[in-house]
Structure formats: C-alpha cells, structure tokens
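# Summary of the model geometry
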Amino acid sequence: MTAVNLPDDGGLDDRVPFLARLETEDRQALLALGRELGFAPRVVLLHQHEPSSHVLFLTQGWTKVTAAAANGYEALLALRGPGDIIGESAALTGRPRSATVTALEPVRAVAVEHERFKEFLARSPDVSFALLGLTSDRTRAADRRRLQFASMSVRERFAALLLDLARMHGRRTNAGIELAVPLSKQELAGSVGASREMVQRLLKELRTREAVATGRRALLITRPDVLRRIARSEQADP
C-alpha cells in the first residue's frame with residue numbers, strides 16, 4: 001500500500017513502525033528470536049480477552065485492530081502494517097489481550113514468546129526506549145484524535161476519517177483515491193462512534209455530491225476537497 005500525499009487535514013500524525021525505529025542489528029536479532037507465520041485475509045491473528053503468550057512483528061500485509069463492547073458494539077481502533085508490533089501491551093502487563101487483530105490481506109508475521117521478548121528488552125536499552133517512544137506516540141495520537149472528534153459532529157468525524165485513511169492507506173488511480181484497506185460499514189461506524197445506519201446515510205450523501213464511489217468493501221474518494229470542507233464545518237457545493 002502506498003500513502004497518498006494529501007494536505008494535512010488535522011488527522012493523526014504519520015506513524016513510524018516499531019521495526020523501522022531500530023538499528024539493523026537490533027532488528028535482525030529481535031526477529032531471529034521468533035518463528036514466521038502466515039495468515040490469510042480475514043483470519044484473526046489475536047483474539048480479544050484471550051491469554052497472551054507471544055508478540056507479533058508484522059513483516060507483510062495489513063491488519064485491523066478492533067475491540068468489542070459487552071453490548072456487541074465493535075470499534076475500529078487502528079490499522080497495523082509492515083514493521084508494526086502487536087500484542088506488546090499484554091506481553092508487558094501479563095493481562096489478557098485488549099483487542100482483536102484481523103488480517104485484511106495476506107499477512108506474514110514473526111511470533112516471539114513473551115519471555116524471550118522481555119529478556120531481549122532487558123539487555124537492549126535502545127530497543128526498550130524505541131518501544132517506549134512508540135507507546136508514547138500511539139497514546140499522543142489517540143489523545144489528539146479524541147480531542148479532535150469531541151468537537152465534531154458525526155458527519156465531520158466521518159469526513160476526517162476518510163481523509164485520514166486516504167492519506168495513510170490510499171492508492172491514487174485515474175478515477176480518484178482508492179482506499180486500499182477493505183473496511184465494512186460497521187467498521188467505519190465503529191471508528192467514528194456512529195451506527196451502521198448513520199454511515200450508510202453519510203455515504204449516500206457523499207455519493208450524491210460525487211465525493212465518493214462505493215462498492216463491496218471498496219471505497220473511492222473522487223473529491224477530497226468536499227471531504228475537507230465537511231471536516232472543517234464549511235459548506236461545499238455538490
């Protein structure tokens with residue numbers, strides 16, 4: 001997936017994956033501790049609430065991170081791709097996993113057992129600080145998103161979300177910017193705190209304004225300028 005260069009729409013800062021923060025020698029030594037695994041699209045890599053025994057380092061493909069509430073409502077928390085680490089929080093705290101991670105496309109990852117991972121961190125201060133920096137960046141990005149969304153209507157949040165997805169996971173085509181991650185309406189709804197029905201209405205409005213085109217798990221942004229004006233509470237001509 002190739003990120004599209006769009007103007008900054010006040011979305012989340014671009015992330016530097018964990019493995020990219022490490023020196024080559026540290027990265028190779030860390031990956032050598034584990035075993036490589038492959039996952040087909042829609043296969044779950046980690047299950048929410050399950051006991052934790054290993055961390056995963058993604059080397060190929062994209063995943064979605066979701067969490068389900070007791071009433072069944074599911075929220076999309078993040079997208080993780082090549083170079084990212086997942087499952088590290090449960091590894092360090094010993095608590096059950098706080099989210100489910102699912103492959104969006106063919107994924108390859110290296111699994112490292114908890115004890116081996118923690119022993120490596122204990123003797124590698126540079127890697128420990130890199131992990132601390134990643135955790136801090138993720139927390140800051142989540143705080144920024146909550147602050148941004150708190151002042152927005154659902155309509156504005158949805159436009160901002162689409163712009164953020166386009167910037168981070170968009171593929172430019174002759175017809176527009178194609179979102180390269182196959183997300184359902186429910187997953188989009190969970191990301192902005194809305195219902196699936198609300199997202200359907202918003203997508204219908206955006207199609208009417210020729211800002212997007214949709215298909216089965218496919219979304220094409222044809223007029224990002226309209227989304228930017230909606231996200232900024234400005235009126236845009238259809």
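As a starting point, this report considers the structure included with it. (Residues numbered from 1 in each chain as written. Predicted model: local features only at pLDDT ≥ 70, side-chain atom pairs only at ≥ 80, totals over all residues. Heavy atoms only, no water.)

## Structural notes on the sheet that holds strand E4 (residues 63-68)
Within the open sheet, the four strands sit side by side as E2-E7-E4-E5. Their pairing is antiparallel. Two strands in the sheet have a free side with no partner beyond their single neighbour: strand E2 (44-46) and strand E5 (74-80). Averaged over all pairs of adjacent strands, the angle between strand axes in this sheet comes to 30°, irrespective of strand direction. Inspection of the sheet shows E4 paired to strand E7 (residues 100-103) by four bridges, in the antiparallel sense. By the bridge assignment, Thr66 is partnered in E7 with Thr100. (Pairing = 2+ DSSP bridges. Helix = DSSP H or I, 4+ residues; strand = E, 2+ residues; numbered from the N terminus. Axes fitted to C-alpha atoms, helices over the stretch in contact; angles between N-to-C directions.)

## Describing the nonpolar core
Ranked by internal contacts, the top residues of the largest apolar core, which has 34 residues, are Leu79, Phe158, Leu162, Leu183, Leu206, Val212 and Ile221. Of all elements in the fold, only E5, helix H5 (154-169), strand E10 (177-179), helix H6 (185-192), helix H7 (196-208), strand E12 (218-221) and helix H8 (224-231) reach the threshold of two or more residues within this core. No other element matches the eight residues that H5 contributes to this core. In this view, Leu183 contacts Leu76, Leu79, Leu104, Leu165, Leu188 and Arg217; residues no more than four positions away in its chain are not counted. Among the nonpolar cores identified, the runner-up in size contains 18 residues, and Leu19, Leu30, Val55 and Ile85 belong to it. (Core = buried A, V, L, I, M, F, W, Y, C linked by side-chain atoms within 4.5 Å. Buried < 20%, exposed > 50% of the residue type's maximum accessible area, 1.4 Å probe, protein only. Contact = heavy atoms within 4.5 Å.)

## Focus on unusual backbone geometry
A positive phi angle, near 75°, is found at Arg42, a position not held by glycine. Assignment of secondary structure puts Arg42 in the loop between strand E1 (35-39) and E2. The class of Arg42 is partly exposed, set by a relative accessible area of 36%. Positive phi, close to 60°, is recorded for Glu210, a residue that is not glycine. With relative accessibility at 59%, the residue Glu210 sits in the exposed group.

## Description of the sheet that holds E1
Sheet architecture is open: four strands sit in the order E1-E8-E3-E6, paired in antiparallel fashion. The open sheet is flanked by E1 and strand E6 (85-86), the only strands paired with a single partner. Where E1 lies against strand E8 (residues 107-113), five bridges are found, and the strand directions are antiparallel. For Gly38, the partnering residue across the bridge sits in E8 and is Arg108. Strands strand E3 (54-60), E6 and E8 of the sheet are contacted by helix H3 (residues 114-122), whose axis makes an angle of about 75° with E8.

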